[in-house]
Amino acid sequence: MIEDLLKKFEVSEVEEAIRKAAAAEIMPRFRQLAAHEIVEKNGPHDLVTIADRLAEEHLTASLTELLPGSVVVGEEAVHADPSVLAALRGDAPVWIVDPVDGTRLFVHGDPGFSTLVTLVQGGESLASFTYGPALDLMAVAVRGQGAVLNGEPIRSGSPEPGKTLEVATSHHDFTNDDQKRVLAALAVDGVAPRPCGSAGLEYLHVAQGTLDALAFSWENAWDHAAGLLLVAEAGGTSATVAGEPFRIAGGNALPFAAARDAGTARLILGLLASAA
């Protein structure tokens, strides 16, 4: 199934579509946003900009043209109409799109944001694209074919024995008191937790082996689908606090973790489970 679907387009065509959307709709507005082009969605930390909306529209048109019969589940489309999420449980191929992952960073002029695209069918991620337009980073993963960053293979490897584990967690601005309590279980000797930036780029850091693990308390598919496949294809692993694979369509036991290797994942998940 994977091979048949991927034969219908070139991976490089998806990369080009993402680059064009970012060049047309995101980068011209980077550090150039007017106040009226920034809107709060669910609070002062949850922002959306004109760049998010227009980039998602651009990608929706180009990706469905590349793969006729496919549909798009985008962060902004779901915000406008939650029923769009139902496509994740359907039979058609789905492009999961986060046009600007790390919108708050984008708004503040920080280059650490990304554009995330994942092709999914039947709940299985087949190909993912993590693009940092301001950093000139393009990470691509294809199920069973490995992961590359700017065309070069990447591997997550394993932490050095005895090394303090660096773990990025859900940012405190986006967690409730109970989630903060569970994530606080990571503050032990040998583990150094810190708030995450753009989830997409943090997954890339795990895939590169420059970050040891991630622990997240929310399950939005557009934030995680691309990174989870990227980490898996780079040799890493992930699971929920219940020890189950993360389900793209939702309904997961939370929090969940992704890590450079199985041993690190077990340690992080064990600490989280002790407080969950």
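This text follows the structure it describes.
This report concerns the structure included in the present document. Residue positions within a chain follow its written sequence, with the count starting from 1. Confidence filtering applies because this is a predicted model: local features only for residues at pLDDT of at least 70, side-chain atom pairs given and counted only at 80 or more, and all residues used for totals across whole chains, interfaces and linings. As a convention, hydrogens and water are excluded, and side-chain values are obtained from all of the structure's heavy atoms.

Okay, the packing of helix α2 (residues 11-26) against helix α3 (residues 50-66) next. A fitted line through C-alpha atoms serves as each axis, taken over the contacting stretch for helices, and the angle formed by two N-to-C directions is quoted from 0 to 180°. Only DSSP runs of H or I covering at least 4 residues are called helices, and only runs of E covering at least 2 are called strands; the numbering of each starts at the N terminus. α3 packs onto α2 with a crossing angle of 155 degrees between their chain directions and a minimal axis gap of 9 Å. Our classification of the angle between α2 and α3 gives roughly antiparallel. At the point where α2 passes α3, the crossing takes the right-handed sense. Contacts between α2 and α3 pair Glu-13, Val-14, Ala-17, Ile-18, Lys-20, Ala-21, Ala-24, Glu-25 and Ile-26 from the former with Ala-51, Leu-54, Ala-55, His-58, Leu-59, Ser-62, Leu-63 and Leu-66 from the latter. Here the term charged refers only to Asp, Glu, Lys and Arg, the term nonpolar to Ala, Val, Leu, Ile, Met, Phe, Trp, Tyr, Cys and Pro, and the term polar to all other amino acids, Gly among them. Its residues placed into classes, the contact of α2 with α3 shows 12 nonpolar, 2 polar and 3 charged. Here roughly perpendicular refers to angles of 65 to 115 degrees, roughly parallel to angles under 35, roughly antiparallel to angles over 145, and oblique to all remaining angles. For a crossing to be left-handed, the near helix must be turned anticlockwise from the far one by less than a right angle; the clockwise case is right-handed. Should any heavy atoms of two residues lie within 4.5 Å, those residues are counted as being in contact.

A few words on the packing of aromatic side chains. By convention, a stacked pair of Phe, Tyr or Trp rings (six-membered ring in the case of Trp) has centres within 6.5 Å and planes under 30 degrees apart, an edge-to-face pair has planes over 60 apart, and any other such pair is tilted. Under the defined criterion, the tally for this structure stands at 8 aromatic pairs. For the pair Phe-30 and Phe-106, a centre-to-centre distance of 5.8 Å together with 20 degrees between the ring planes defines the contact as stacked. With Phe-30 in the loop between α2 and β1 (38-40) and Phe-106 in helix α5 (residues 103-107), this pair connects stretches of sequence that are 76 residues apart. By the burial criterion, Phe-30 is buried, and Phe-106 matches it. One aromatic cluster is present, built from ring pairs that chain together Tyr-203, Phe-216, Trp-218, Phe-246 and Phe-256. Working definition: with a 1.4 Å probe on protein chains only, accessible area under 20% of the residue-type maximum means buried, over 50% means exposed, and in between means partly exposed.

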